[in-house]
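Reading the structure
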Amino acid sequence: MRAFWGLVIGAALLMAAGGAQAQEKLRIGHVLPKGSQFSEAVRVMSEELQRRTNNKYVLEEHPASELGSGPAMLEAVKLGTIDLVLSSSGGALAQFNPNVGILDLMLLFRDEAHADLVLDGPIGKSLLDSFKDTNTVALAWAENGFRQLTNSVRPIKTPADMKGLKMRIAESDLFKKAFQTLGAEPFSMPFAQLYPALKSGQAEGQENPVTTIVGSKLYEVQSNITLSNHTYSPAVILINKEFFDDLSPEMKTAFVEAARAGGKASREFVRNRDREGMKVLKASPITITTDFDRAAFEKALEPFYQEAAKQFTMEKIMAIKNAK
C-alpha cells in the first residue's frame, strides 16, 4: 500500500512539474523604477493574464531600463527579442509610431476625465490600431500622468519665466519645438541620467508627472515645481505581432483584457500617487507654484500649433482638444 501511494504522489509531482514547465514567462520592459505606475500595470496585467489563461502565461518584469533604453526596447519588441514593452508618449514612442505624436502636443488635454474620454473612445482605438505597421500590437492604454514643470532657477508662472532655462525633456521633436517656442533651451537624455544631471546643474529643469518626480526623488535636486499639467502622458502596452498573431482568438482576448486591467490600474495608481506625492512635496523645501497662466501659454504656443497642424491637421488636433 505504501508503494502504491508512493507511485500516486510521484505521479502527482511529475504532473505538477510538467504544469510548471508549461508556463511561459514573457519578458516585459519599461524605463521607470520598480514600484512605479508601470510596475503596477505589469503586476495587475500579469495576475489577470495568469487567471485568464489558466497560468499558461506570466509576465517577467524588467524595470528601470534593464533591457535597454526606451527606443531600444521598442525595437526589441518589434524584432521579437523581448516580448512586451510599456512605453509612454513624450519620447521614443512618437518616433516609433508618428501617429501617436499628436498626444505629445502641449496643453492638448484639459484634465484626467478629458484624457480618459479621448483614449477610451474612437480616437484612442484608432491610435492603438495605427501600431499595426510597426510589427507590434498595441494591447491597451496605460498612464504615466500629467507632466509638471520643475527647475532650480525660478518659479514658472508665465511663458517669460521659461526663457533660457536648460530643460531636460523626453526625446520628442514636438516637445523640443514647444519648449523652444516658449524660449527654453530643451535637450534630451536617458531618464536614468536625469537625477545626476539635475544635481550637477547640467540640467536646470525637467518635466514629469508628480508620481515620477517623487518616486525618483527629483524634488531633492530641484527648488521649484509648477503644477502646470502642460502635457498629458499616456502609455501603451505593446506586444510582438508575430507572437500575438499565433495566439488563439481566446488567448488574444485574454491578453487584451489583461492589458486593459493593467492600464486601468496604472491610471488609478498615478492619480492616487499624485495626491500622496503632493503631501511629500509640501513637506519638502521645494517651492510649489499653482498659478500657472494657461491662457498665456496657449497664446504663446499658437505658432507651435500652426506648425503641428501641418503634420496632424488642425481638424484632428481640435477633435481631441474639444472632445466632450
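Residues numbered from 1 in each chain as written. Predicted model: local features only at pLDDT ≥ 70, side-chain atom pairs only at ≥ 80, totals over all residues. Heavy atoms only, no water.

As a further point, take the nonpolar core. Formed by 53 residues in total, the largest nonpolar core has its most connected members in Leu105, Phe109, Leu238 and Ile317. Residue contacts for Phe109: discarding those within four places in its chain leaves Leu103, His114, Ala115, Val118, Phe146, Tyr232, Arg294 and Ile320. Counting residues in each nonpolar core, the second largest holds 43 residues, with Ala203, Val214, Ile225 and Ile286 among its members. (Core = buried A, V, L, I, M, F, W, Y, C linked by side-chain atoms within 4.5 Å. Buried < 20%, exposed > 50% of the residue type's maximum accessible area, 1.4 Å probe, protein only. Contact = heavy atoms within 4.5 Å.)

Attention now moves to the pairing of strand β4 (residues 136-151). Most of β4 is tucked away, with 16 of its 16 residues classed as buried. Sheet topology places β4 next to strand β8 (residues 224-240); 13 bridges connect them, and they run antiparallel. Bridged to Trp141 within β8 is Val236. As judged from the 5 bridges shared by β4 and strand β7 (residues 205-209), these two strands associate in the antiparallel manner. Paired with Asn151 across the bridge in β7 is Gly205. (Helix = DSSP H or I, 4+ residues; strand = E, 2+ residues; numbered from the N terminus. Pairing = 2+ DSSP bridges.)

Enumeration over the complete set of coordinates arrives at 7 aromatic pairs. Between Tyr57 and Phe243, the ring centres sit 5.9 Å apart and the planes meet at 85 degrees, which makes this aromatic pair edge-to-face. Taken together, the residues span a long stretch of sequence, with Tyr57 in strand β2 (residues 57-62) and Phe243 in helix α10 (residues 241-245) at a distance of 186 residues. On the basis of relative accessibility, which here comes to 5%, the residue Tyr57 falls in the buried class. Here Phe109 and Tyr232 contribute two aromatic rings whose centre-to-centre distance is 5.4 Å and whose plane-to-plane angle is 70 degrees, an arrangement assigned as edge-to-face. Pair noted here: Phe109 is in the loop between α4 (92-96) and α5 (112-119) and Tyr232 is in strand β8, with a separation of 123 residues, a long-range link. In this pair, the class of Phe109 matches that of Tyr232, namely buried. (Phe/Tyr/Trp six-rings, centres within 6.5 Å; stacked < 30°, edge-to-face > 60°.)

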